[in-house]
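Notes for the structure review
Chain by chain, the residues run as shown.
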Amino acid sequence: MSTENPAAAQPDPTELLKGPQPDRHGVGDAIRGWWNGLARPMQWLVGVPVIALIAILPVWRPPILDTPGTDFGGVMAQFAMYALIAIGLNVVVGQAGLLDLGYVGFYAVGAYTVALLTSPNSPWNKMTESGFFSEDWAWLSCLPIAVAITAFTGLILGTPTLRLRGDYLAIVTLGFGEIVRLLADNLTDVTNGGQGLSQIAYPHLGETEDKPYGVFSAGNTGGNLNSGVWWFWVGMVMVIIALLLVGNLERSRVGRAWVAIREDEDAAEIMGVPTFKFKLWAFTIGASIGGLSGALYAGQVQFINPTGFNVINSMLFLCAVVIGGQGNKLGVIVGAFIIVYLPNRAMSIEIGGQSLGDYKYLFFGLALVVLMIFRPQGLFPARQKLLAYGRQIYQAVRRPSDAPGNGPAPSAATTEVGG
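Residues numbered from 1 in each chain as written. Predicted model: local features only at pLDDT ≥ 70, side-chain atom pairs only at ≥ 80, totals over all residues. Heavy atoms only, no water.

**As for the UniProt feature "transmembrane region" (unreviewed entry) in the protein chain**
In the numbering used here, UniProt assigns the feature "transmembrane region" (unreviewed entry) to residues 42–60, 72–93, 98–117, 137–156, 168–184, 230–249, 280–297 and 359–375. Along residues 42–60 the backbone is 95% helical and 0% strand, and the end-to-end C-alpha distance reaches 27 Å. Summarising residues 230–249: 100% helix, 0% strand, and an end-to-end C-alpha distance of 29 Å. (UniProt positions renumbered as here; feature names shortened; annotations may be inferred. Helix = DSSP H or I, 4+ residues; strand = E, 2+ residues; numbered from the N terminus.)

Here it is as structure tokens:
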């Protein structure tokens, strides 16, 4: 006896009227689908050569990408630092949906932690002959300390403030960033005020007669293997570690909770998600990555002062996330590259005696307006990935019936049932 559901067997008349639908998937979706279909070992096999190619860019310096008037290695080192910042801010803004306008405060805490522990201008210098840190490895030793202190700062700030939402949270975080900058400017006995802290520690490696202070020294400015290239490579290692950490979090229950909070916090709370705990997790993790980028900045420039941590820089960090695509890790890295590269590229172009790079805030402002009108989700919008085993699910649903020319899979309502 055959049991058949007539309603299920007949096609929907509205679908027949629409006719064949064009494929609306763009190039980005095609690349994303191809990448998700690869096994993890194959992804590494493809990704490692791409990373190696990016690593040799500042050494090769292709004419198309080179920045006339500005050292390309230094530009790429700044890009690695901004990429790390964008990944950390993306955890807060893109993943958890928390509007943070004072992220530069965490960046400053990480930088000043390294500076206060290693600069001879600091009363807390621990790099003396009888100090705690070895001169050669002081910067590397201070990295985990900077990350821990910045994470603790994020925990302290987030505990009373993350019960706020929207504009109120944005105002509080903006105030936090300004408080950190003003403290650094006014605590002259500790931070040396506006004069800043100099001679900050950096890795003493590759010391030769030609380079007596090592390859990481700010004085290593000659050739294609200058200090900017070396700092770019260090920054790339940190970016890869941060991507692996954040990627694993996204595929866990923590990442699914962040997405639920970002989409509708009230609904997530009703469904049993402890929203405050997971928002605090996002704030703390984002703060720690911001502190890591600040420590990278302090070692790279070997001098910091409060003017480098103003609210304008905080807006640039947020601009990188918005332009690249909130919630997309690789998208925000592209946004960071745009923020760093384009002003340096335009620096050699003059209009009316004024360098075009000096108008970067005007151009970024116009770009944001245009982006909000035509592509509000950014250049590379994120795709929802709420499942921990997204790749396995993706491969499981790709049935042979999905191939062109094959009919639909038989419905359970039209199967023969033996009586």
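Additional details are given in the paragraphs that follow.
**Description of the nonpolar core**
The biggest cluster of nonpolar side chains holds 101 residues, and the ones touching the most others in it are Trp 139, Trp 258, Ile 304 and Phe 309. In terms of residue count, the dominant contributor to this core is helix H6 (residues 72–95) (17 residues). Beyond its immediate stretch of four places on either side in the chain, Phe 309 contacts Val 104, Tyr 107, Ala 108, Ala 111, Tyr 112, Arg 181, Tyr 297 and Ile 304. (Core = buried A, V, L, I, M, F, W, Y, C linked by side-chain atoms within 4.5 Å. Buried < 20%, exposed > 50% of the residue type's maximum accessible area, 1.4 Å probe, protein only. Contact = heavy atoms within 4.5 Å.)

**Some thoughts on unusual backbone geometry**
Of all residues except glycine, most have a negative phi; of all peptide bonds, most are trans. The phi dihedral of Gln 199 is positive, around 55 degrees, even though this residue is not glycine. Secondary-structure assignment places Gln 199 in the loop between strand S1 (197–198) and helix H11 (227–250). Here Gln 199 falls in the exposed class, since its relative accessible area comes to 57%. Although it is not a glycine, Gln 302 sits at a positive phi angle of roughly 60 degrees.

**Let's talk about the packing of H11 against helix H14 (residues 275–301)**
When two helices pack together, their arrangement is given by the angle between the helix axes and by the axis-to-axis distance. Taken N-terminus to C-terminus, the directions of H11 and H14 make an angle of 175 degrees; their axes are 11 Å apart at the nearest point. Considering their axes alone, H11 and H14 lie roughly antiparallel with respect to each other. For the pair formed by H11 and H14, the contact residues are Trp 231, Val 234, Gly 235, Met 238, Val 246 and Leu 249 on the first element and Ile 285, Ile 289, Leu 292, Leu 296, Gly 299 and Gln 300 on the second. Per-class residue counts for the contact of H11 with H14 are nine nonpolar, three polar and no charged. (Axes fitted to C-alpha atoms, helices over the stretch in contact; angles between N-to-C directions. Parallel < 35°, antiparallel > 145°, perpendicular 65-115°, else oblique. Nonpolar A, V, L, I, M, F, W, Y, C, P; charged D, E, K, R; others polar.)

**Digging into the packing of helix H8 (residues 138–161) against H14**
Across the interface, H8 lies against H14 with an axial gap of 7 Å and an inter-helix angle of 145 degrees. In the packing of H8 onto H14, the handedness of the crossing is right-handed. Residues Trp 139, Leu 143, Ala 146, Val 147, Thr 150, Ala 151, Gly 154, Leu 155, Leu 157, Gly 158 and Thr 159 of H8 form the contact with H14, whose participating residues are Phe 276, Leu 280, Phe 283, Thr 284, Ala 287, Ser 288, Gly 291, Leu 292, Ala 295, Leu 296 and Gly 299. Each residue belonging to the contact of H8 with H14 can be placed in one class, and the counts come to 14 nonpolar, eight polar and no charged. (Left-handed = near helix turned anticlockwise from the far one by under 90°.)

**Brief notes about H14**
Compared with an ideal rise of 1.5 Å per residue, which puts 27 residues at 39 Å, H14 spans 39 Å between its outermost C-alpha atoms and is within 8% of the ideal. Counting buried residues along H14, 23 of its 27 residues qualify, which places the element largely inside the surrounding structure. Gln 302 sits one or two positions beyond H14 and adopts a positive phi of about 60 degrees. (Expected span 1.5 Å × (residues − 1).)

**Here we look at the side chain of Thr 275**
Tracing the chain through its elements places Thr 275 in helix H14. Within the structure, Thr 275 has its side chain in polar contact with the side chain of Glu 269 (distance 2.4 Å). Excluding anything up to four places from it in sequence, Thr 275 contacts Ile 261, Glu 265, Ala 268 and Glu 269. (Polar contact = N/O pair within 3.5 Å; in protein donor to acceptor, adjacent residues only side chain to side chain.)

**Describing the packing of aromatic side chains**
In this structure the tally under the stated criterion is 16 aromatic pairs. Here Tyr 107 and Tyr 297 contribute two aromatic rings whose centre-to-centre distance is 5.5 Å and whose plane-to-plane angle is 45 degrees, an arrangement assigned as tilted. A residue pair is termed long-range when its members are at least 10 positions apart, and Tyr 107 in helix H7 (residues 104–118) and Tyr 297 in helix H14 qualify at 190 residues. With a relative accessible area of 18%, Tyr 297 lands in the buried category. A centroid spacing of 6.0 Å and a plane angle of 85 degrees characterise the contact between Tyr 297 and Phe 309, whose relative ring orientation is edge-to-face. Of this pair, Tyr 297 sits in helix H14 while Phe 309 sits in the loop between strand S2 (303–304) and helix H15 (311–324); the two residues are twelve residues apart in sequence, bridging distant segments of the chain. (Phe/Tyr/Trp six-rings, centres within 6.5 Å; stacked < 30°, edge-to-face > 60°.)

**A few points about a nonpolar patch on the surface**
On the surface, a cluster of nonpolar side chains totalling about 380 Å² of accessible area is made up of Tyr 359, Leu 362, Phe 363 and Leu 366. Tracing the sequence through the fold places Leu 362 in helix H17 (residues 360–374). Judged by relative accessible area, which is 48%, Leu 362 ranks as partly exposed. (Patch = residues over 30% accessible without salt bridge, like charges linked within 9 Å, V, L, I, M, F, W, Y side chains within 5 Å. Areas by Shrake-Rupley, 256 points an atom, 1.4 Å probe, with all protein chains shown as cover. Salt bridge = Lys/Arg side-chain N within 4 Å of Asp/Glu carboxyl O.)

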